[in-house]
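Architecture at a glance
The residues making up each chain are set out below.
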Amino acid sequence: MKLKTRADYRARRHRRLRQRVAGTAERPRMAVHFSHRHATVQFIDDDLGRTLAAVSTLGGELAALAGRVTVEAARRIGRAAAEAARAAGITRVVFDRGGFRYGGRVRALADAAREAGLEL
């Protein structure tokens, strides 16, 4: 099967990444997803199959960042994700970049979460 689109390559990277990355109750998976207009961060316990906390530009206080998620917006989302994790009692996570390359927005989000006290 020949891959043709960037989305195909991302999906393939994500499948490969998910073979190694899994979240538990003590250290949930911090799953990051960027679309063209929105960004979503979820803290997932894969053992139970439950989302423990989530932050998104689809609604709430981060809805103003919707449209085109820039590097600065990703920093704000990372800080908000760390606050939501702390509110849910989460301090350590496994970072799941969702097949996206680690740079730009993904890196800014991860760095902001680290600075806000989350251990990645």
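Predicted, not measured: the structure shown is a model, and the values here were computed from it.

A few words on a positive patch on the surface. Taken together, the side chains of Arg 12, Arg 15, Arg 16 and Arg 20 define a basic patch exposed on the protein surface. Among the secondary structure elements, Arg 16 is positioned in helix H1 (residues 6-18). Given the relative accessible area of 45%, Arg 16 is considered partly exposed.

Formed by 28 residues in total, the largest nonpolar core has its most connected members in Met 30, Phe 34, Val 41, Phe 43, Ile 77, Leu 109 and Leu 118. Elements with a contribution of two residues or more to this core: strand E1 (29-34), strand E2 (39-45), strand E3 (50-56), helix H2 (71-87) and helix H3 (105-115). If you tally residues by element for this core, the top one is H2, at seven residues. Setting aside its immediate chain neighbours within four residues, Leu 118 contacts Met 30, Phe 43, Ala 82, Ala 85, Ile 90, Thr 91, Val 93 and Ala 113.

Thresholds, definitions, all that
Numbering of residues starts from 1 in each chain and follows the order in which that chain's sequence is written. Totals for whole chains, interfaces and linings use all residues, but because this is a predicted model, local features are given only for residues with pLDDT of at least 70 and pairs of side-chain atoms are given and counted only at 80 or more. In computing side-chain values, all of the structure's heavy atoms are included and hydrogens and water are not. The patches reported here contain residues having more than 30% relative accessible area and no salt bridge. Joining distances are 9 Å for like charges and 5 Å for nonpolar side chains (Val, Leu, Ile, Met, Phe, Trp, Tyr). Using a 1.4 Å probe, the Shrake-Rupley method yields the accessible areas, and only the shown protein chains count as cover for residues. A pair is scored as a salt bridge if a Lys or Arg side-chain nitrogen falls within 4 Å of a carboxyl oxygen belonging to Asp or Glu. Residues scored as charged are limited to Lys and Arg (positive) and Asp and Glu (negative), so that His and the chain ends carry no count. Charge coordinates come from a single atom per side chain, which is NZ of Lys, CZ of Arg, CG of Asp or CD of Glu. A run of H or I in DSSP counts as a helix once it spans at least four residues, and a run of E counts as a strand once it spans at least two, with each numbered from the N terminus. Each residue gets one of three labels from its accessible area relative to the maximum for its type: buried under 20%, exposed over 50%, partly exposed in between, using a 1.4 Å probe on protein chains only. By nonpolar core is meant a set of buried Ala, Val, Leu, Ile, Met, Phe, Trp, Tyr and Cys residues that side-chain atoms within 4.5 Å join together. Contact definition: two residues touch when any of their heavy atoms are within 4.5 Å.

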